[in-house]
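Topology and contacts: notes
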Amino acid sequence: VYAVTGNQDNSRTAMGLKHIGIKVAKTHTIPCNGCKISLMHGEDLGYSPTTDDLEEAREFLNADILVWGHTHQLKVLWENGHLFLNPGTITGAYRLSWARFGKFVPLLLKRVAAEAYYFTKTGEFLPVQPSFIILNIGKNNVEVERYTIEESKVKLKKEIIERRQDALSLFS
């Protein structure tokens, strides 16, 4: 099992995970069926990374698939033959930094009391939805299973992406 540390983790978190046998680092690149998957938390990418930001990180980590987090927003992006995945947050948890909202805190608390919301740079409140992703990496394809919880029900969306054997990119 591999884990990456994020901006809310400290050395005790990492030590605790290592103690139970989990490999912990800022990034990991893991080979799997002829494919390289890189894991990173992504706080350096910010809350709204562009596809160029993701591509730069993928190239730097020398990966075919980049898995990043930080935003707590489920995303599956397919760009230029590369797969970019953000599993979201399995618990639906999101911690807003109340200090940056000053006198608007009471208004914000009223607005987000019923659910967890994500506050964007443009001032929008977007709901944070519990989610996770399972990847099944085969010789000829990658199956992406997206799980979300909507209205107290688990929803599954599957995508199958064919792998190319004859190109620089592993995917068609």
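Procedures and definitions
- Residues numbered from 1 in each chain as written.
- Predicted model: local features only at pLDDT ≥ 70, side-chain atom pairs only at ≥ 80, totals over all residues.
- Heavy atoms only, no water.
- Salt bridge = Lys/Arg side-chain N within 4 Å of Asp/Glu carboxyl O.
- Helix = DSSP H or I, 4+ residues; strand = E, 2+ residues; numbered from the N terminus.
- Pairing = 2+ DSSP bridges.
- Axes fitted to C-alpha atoms, helices over the stretch in contact; angles between N-to-C directions.
- Phe/Tyr/Trp six-rings, centres within 6.5 Å; stacked < 30°, edge-to-face > 60°.
- Lys NZ or Arg CZ within 6 Å of the ring centre and 35° of its normal.
- Disulfide = S-S within 2.5 Å.
- Buried < 20%, exposed > 50% of the residue type's maximum accessible area, 1.4 Å probe, protein only.

This part is about the pattern of salt bridges. Across all of its chains, the model carries four salt bridges by this definition. The salt bridge involving Lys26 is made with Glu43; its shortest N-O contact spans 2.9 Å. Linking Lys26 in the loop between strand E2 (23-25) and strand E3 (27-32) with Glu43 in the loop between strand E4 (35-40) and helix H2 (51-61), this pair joins segments that are 17 residues apart in sequence. In this structure, the salt-bridge partner of Lys158 is Glu145, at a minimum N-O distance of 4.0 Å. In this pair, Lys158 is assigned in strand E12 (residues 153-162) and Glu145 in strand E11 (residues 141-150), connecting sequence segments 13 residues apart.

Looking now at the sheet that holds E12. The strands making up a sheet associate through backbone hydrogen bonding, with each pair oriented either parallel or antiparallel. Spatially, the three strands line up as an open sheet ordered E10-E11-E12, and their pairing is antiparallel. Since the sheet does not close on itself, it has two edges, and those belong to strand E10 (131-137) and E12, each with one partner. Between one strand axis and the next, the sheet turns by 15° as a mean value, whatever way the strands run.

By the definition in use, this model includes one aromatic pair. A cation over an aromatic ring shows up here: Lys23 above the ring of Tyr2, its NZ or CZ 5.4 Å from the ring centre.

This brings us to the state of the cysteines. The tally for this structure, following the rule as stated, stands at zero disulfides. Here Cys32 stays unpaired: no disulfide links it, and the sulfur of Cys35, its closest cysteine neighbor, is 7.0 Å away. The class of Cys35 is buried, set by a relative accessible area of 1%.

To continue, consider unusual backbone geometry. Not every positive phi belongs to a glycine, and Asn33 is a case in point at roughly 50°. Here Asn33 shows up in the loop between E3 and E4. Judged by its relative accessible area of 49%, Asn33 is partly exposed. Phi at Asn62 is positive, roughly 55°, even though this residue is not glycine. Turning to its location among the elements, Asn62 is positioned in the loop between H2 and strand E5 (65-67). Overall, the relative accessible area of 48% leaves Asn62 in the partly exposed class.

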